[in-house]
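Examination of the molecular architecture
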Amino acid sequence: MVIQALRLRNYRRFRALEIEFPENLIGIIGPNGVGKTTIVEAIGWALYGNRVKRTDKTDVRSQSASPREICSAELLFACGGEQYRIVRQLRGKDAIAEAAAYRGAAEAPVAVQDSGVTEFIENLLGLDYQSFFASVFAQQKELDAFSRLKTPAERLKCINRLINIDVVDRARELARQDWRDRSKFLEGLRKGLKDEALLRQQLAQAEAALQEKRSKEEEAEAALNAAKEASRRAKKELDALRATRDRFMQLSSRHDSLAERLAETEQSLQRAQADLAAIDEAAEKLKQIAPQLQELARVRPEKERMDSAAKDAATLQAKREELTRLCPQIEELQTKLATHREKATALQRLGADLHEARQRISDLEKEIEGAEEQLRQVVADREAVTAKGQEVRGKREQVAKLGPSGPCPVCTRPLGEQHAAVLHKYDEELGQLRERYQLLQQHEKSARQHLAQLKGQLTELREAERELALKEQSAADAARQLQEIERQLTERNQHRARLEQEIASLSVVQYDEMAHRALKRRLDELVEVEKEASGLSADVRRRERVAAEISRLESTIRELTAQLAEVEQELASVAYDEDQYRRAEQLVEQCSQEQERQQEAYTQVREDLAGLKKERQRILADLEEHRRQVVEIASTEEEMHYLELLDHHFDCFRQELANRLRPLIANRASELLRLTTQGRYSLLELDHDYTIRLYDGTTPYQLERFSGGEQDLTNLCLRIAISQVVAERSGVTPMNFIVLDEIFGSQDEQRRQLILSALNQLSTRFRQIFIITHIEDVRDSLPVVIGVEQENEQESVARFL
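Nothing here was measured: the structure is a model prediction, and the numbers come from that model.

1. So, unusual backbone geometry
One non-glycine residue, asparagine 10, lies in positive phi territory at about 55°. Here asparagine 10 is to be found in strand S1 (residues 2-11).

Pasting the structure below:
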């Protein structure tokens with residue numbers, strides 16, 4: 001596992017922090033109290049949530065952040081060749097926890113909710129939060145976290161988790177569970193074993209019934225074949241008659257079609273001959289109206305000249321009438337102008353009043369928005385408490401149902417004496433949740449009342465605004481109308497001047513209305529003659545085409561007459577008897593019904609036979625299942641024997657593994673002690689219960705015998721040794737980073753340089769080593785340094801130096 005990046009929002013002293021971590025020896029340096037440890041603590045909080053905390057979860061949010069702002073931590077890390085992103089948040093005044101875990105670039109989370117993400121991390125890393133911190137984090141004033149475990153049993157339990165011996169314990173328990181499962185399975189097999197003698201008796205009876213039914217099947221099949229043969233002969237005779245009938249119907253249909261086409265062609269010939277006679281008449285009439293067409297060419301230009309004179313006379317009359325109507329309109333607009341000037345003067349005062357009312361409405365809407373947000377938050381908190389209560393109640397009911405002999409939901413061991421304590425814990429948690437729910441209900445009621453009051457005030461203000469807006473709209477309308485009246489008055493005056501000029505410029509028009517009307521009537525008559533001549537010309541142009549069509553139709557009539565005679569002759573030669581055909585159809589129907597009856601009888605016999613075969617097969621299957629169960633019983637007994645042996649070997653393997661790893665941890669710690677003390681101390685010993693003894697020369701002593709600085713150094717070396725062994729031998733995910741918090745507190749400058757030199761050598765084994773310290777002297781000895789400093793009394797910032 002390698003830490004890649006950390007992003008914080010409103011987390012303790014960091015209002016906002018985004019930092020990417022390289023693979024190196026990384027120093028986090030700054031004065032005490034500015035938040036150096038907070039950066040590393042946030043990594044643990046992102047991984048394991050509120051199990052990792054120094055204070056209540058409500059104190060995790062920055063003091064400078066409001067209760068409505070979100071407190072969040074986002075962690076990016078690489079693990080097992082893949083990248084993961086963990087996001088944890090605290091929302092609302094009660095710090096409701098939310099969390100999500102993502103793999104790679106996927107948008108959908110692989111785990112959600114606070115407990116779900118924590119469980120995902122524990123499975124991914126193979127460590128719970130206590131083992132993770134004991135192996136990876138050496139926090140301020142906690143270097144002796146492992147050596148201070150009170151009893152040998154606690155130390156053994158912790159080290160077993162760290163070096164994965166608990167995996168062997170879990171495997172051993174799984175083997176025992178398999179043995180118990182197979183024991184129950186074996187008991188079920190023996191109870192379900194059927195009587196073999198009874199099965200063989202049932203098989204003999206089924207065989208006899210099957211033989212009897214096969215004889216009936218042969219009889220039914222012979223009757224069916226006879227019915228099929230009779231039906232085949234009847235269908236053959238009907239098919240021969242059907243072919244004759246089809247030929248007769250085909251010839252009859254062709255005869256009717258030819259007769260119909262012949263009649264239609266003769267009618268078309270008559271129409272074409274009548275059309276040719278009409279064309280000849282049209283040619284004669286066209287010669288008679290030729291003089292009238294010549295008159296049309298003379299009358300049309302004369303009529304166009306008189307149309308122009310009539311238009312000029314009408315224009316002069318229209319302009320005079322328009323001038324007469326325009327003068328009263330100008331007088332009316334002048335009267336309206338004075339009236340609307342008075343109304344428009346109140347517009348500015350009303351605008352100021354309306355602006356003030358709208359500003360008050362805007363302020364009240366913002367206040368309502370805040371009240372609604374507060375109400376939504378209270379409702380969300382209440383729903384979250386309800387969901388939590390349901391979850392806790394479900395767990396309590398599960399524990400109560402299991403009883404003292406049931407397995408613990410966490411460690412799977414029998415609850416025993418802890419059963420009552422677990423139930424009491426759940427009852428206390430439910431009581432706290434009920435109190436919290438009642439308090440939130442009261443807050444919700446108060447918030448709703450306050451929101452209703454604000455909305456009432458808003459309604460009154462909007463009514464006043466509406467009245468002001470109506471008055472302003474009226475004044476604005478008057479102002480717009482005033483401008484429109486002024487524009488119209490200007491346009492009317494200009495138009496009157498133009499009309500007077502145009503009337504004066506028009507000359508006297510010479511126009512005879514009676515002559516004009518007579519000329520138009522004559523032109524209309526001649527135009528009708530012209531239209532008639534156009535139609536006659538079109539008819540004359542069709543003469544050749546109609547004559548050709550008459551010739552084609554006469555040829556077609558001759559062909560159709562010959563074909564009709566041939567069909568009539570062929571139709572007379574076909575011998576078809578309708579009664580004989582109907583009798584053949586009835587015979588086929590009778591034969592088909594008899595065949596269906598015989599088929600049903602044969603099918604029933606076949607179904608009975610299939611049922612008997614199925615029953616025989618079932619009995620054979622029961623016999624085979626009996627044989628298989630006998631074999632499986634023997635196999636299960638053998639598996640149970642092997643599982644008993646596996647349980648014994650797991651126990652031996654566990655003891656051997658623990659005996660090998662304990663010296664390995666001691667050797668690694670001794671090597672680090674030799675490097676950091678320049679050989680002053682070079683041997684550390686761990687006994688069977690992991691009690692620490694440090695050699696001074698050739699004599700081992702309890703750790704309490706040495707100075708505080710030497711104890712801290714010993715615990716540091718032991719802690720790093722454990723981390724090395726865990727990183728090398730973890731069966732799930734290697735830990736490729738460690739965190740050392742204020743490890744130089746009791747060391748002099750020379751010892752600090754030795755420790756840094758040893759840590760530089762460890763960088764080949766750990767891809768990241770974080771060193772948190774307030775000692776500025778070590779800055780130059782670190783390849784990567786992150787400086788943390790106070791920005792103000794409540795906030796800090798961090799940056800690479």
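That shown, we press on.
2. With respect to the pattern of salt bridges
Any two side chains of opposite charge can pair if their charged atoms end up close together. Going through the model one piece at a time under the given rule, you end up with 50 salt bridges. Arginine 176 is the partner of aspartate 647 in a salt bridge, and the nearest nitrogen-oxygen pair spans 3.1 Å. Taken together, the residues aspartate 647 in helix H12 (residues 578-676) and arginine 176 in helix H5 (residues 165-191) connect sequence positions 471 residues apart. Residue classification places aspartate 647 among the buried positions, given a relative accessible area of 18%. Assessed through its relative accessible area of 32%, arginine 176 is described here as partly exposed. Residues glutamate 525 and arginine 522 are paired through a salt bridge, measuring 3.0 Å at the closest nitrogen-oxygen approach. With glutamate 525 and arginine 522 both in helix H10 (residues 513-541), this residue pair falls three residues apart, about one helical turn.

3. Description of the packing of aromatic side chains
By the definition in use, this model includes seven aromatic pairs. Between tyrosine 11 and tryptophan 45 the ring centres are 5.4 Å apart and the planes differ by 50°, which places this aromatic pair in the tilted class. Within this pair, whereas tyrosine 11 is found in strand S1, its partner tryptophan 45 is found in helix H1 (residues 36-48), the two being separated by 34 residues in sequence. On the basis of relative accessibility, which here comes to 0%, the residue tyrosine 11 falls in the buried class. Ring geometry for phenylalanine 737 versus phenylalanine 770: centroids 6.2 Å apart, planes at 90°, classification edge-to-face. Of this pair, phenylalanine 737 sits in strand S12 (residues 737-741) while phenylalanine 770 sits in strand S13 (residues 768-773), placing them 33 residues apart in sequence. Here phenylalanine 737 matches phenylalanine 770 in class, with each residue buried. One aromatic cluster is present, built from ring pairs that chain together Phe21, Phe737 and Phe770.

4. Quick look at the sheet that holds strand S2 (residues 14-20)
Strands pair in a sheet through their backbones, by hydrogen bonds, and they do so in one of two ways: parallel or antiparallel. Spatial ordering of the open sheet is given by S2-S1-S4-S5-S6-S7, a layout of six strands whose pairing is antiparallel. Two strands lie at the open edges of the sheet, namely S2 and strand S7 (111-112), each paired on one side alone. Here S1 runs beside S2; their pairing, made up of six bridges, is antiparallel. Residue pairing for S2: arginine 7 is matched across the bridge by glutamate 18. Contacts from H1 reach S1, S2, strand S4 (71-79) and strand S5 (82-91) within the one sheet, and its direction differs from that of S1 by about 95°.

What counts and what doesn't
- For every chain, the first residue of the written sequence is number 1, and numbering continues from 1 onward in sequence order.
- Per-residue local features of the predicted model are confined to residues with pLDDT of at least 70, and side-chain atom pairs are confined, for both listing and counting, to 80 or more; whole-chain, interface and lining totals are unaffected and use all residues.
- The basis for every side-chain value is the complete set of heavy atoms in the structure, and neither hydrogens nor water enter the calculation.
- Secondary structure elements are taken from DSSP: a helix is a run of H or I of four residues or more, a strand is a run of E of two residues or more, and numbering for both begins at the N terminus.
- Here, a salt bridge means any Lys or Arg side-chain nitrogen found within 4 Å of an Asp or Glu carboxyl oxygen.
- Only protein chains enter the accessibility calculation, which uses a 1.4 Å probe; a residue is then buried when its area is under 20% of its type maximum, exposed when over 50%, and partly exposed in between.
- Centre distance within 6.5 Å is the pairing criterion for rings of Phe, Tyr and Trp, where only the six-membered ring of Trp is used; planes under 30 degrees apart are then read as stacked, over 60 as edge-to-face, and the remainder as tilted.
- If DSSP finds at least two bridges between two strands, the strands pair.
- In this analysis, two residues are considered to be in contact whenever any of their non-hydrogen atoms come within 4.5 Å of each other.
- Lines fitted to the C-alpha atoms define the axes, with helices restricted to the stretch that makes contact. Angles between their N-to-C directions range from 0 to 180 degrees.

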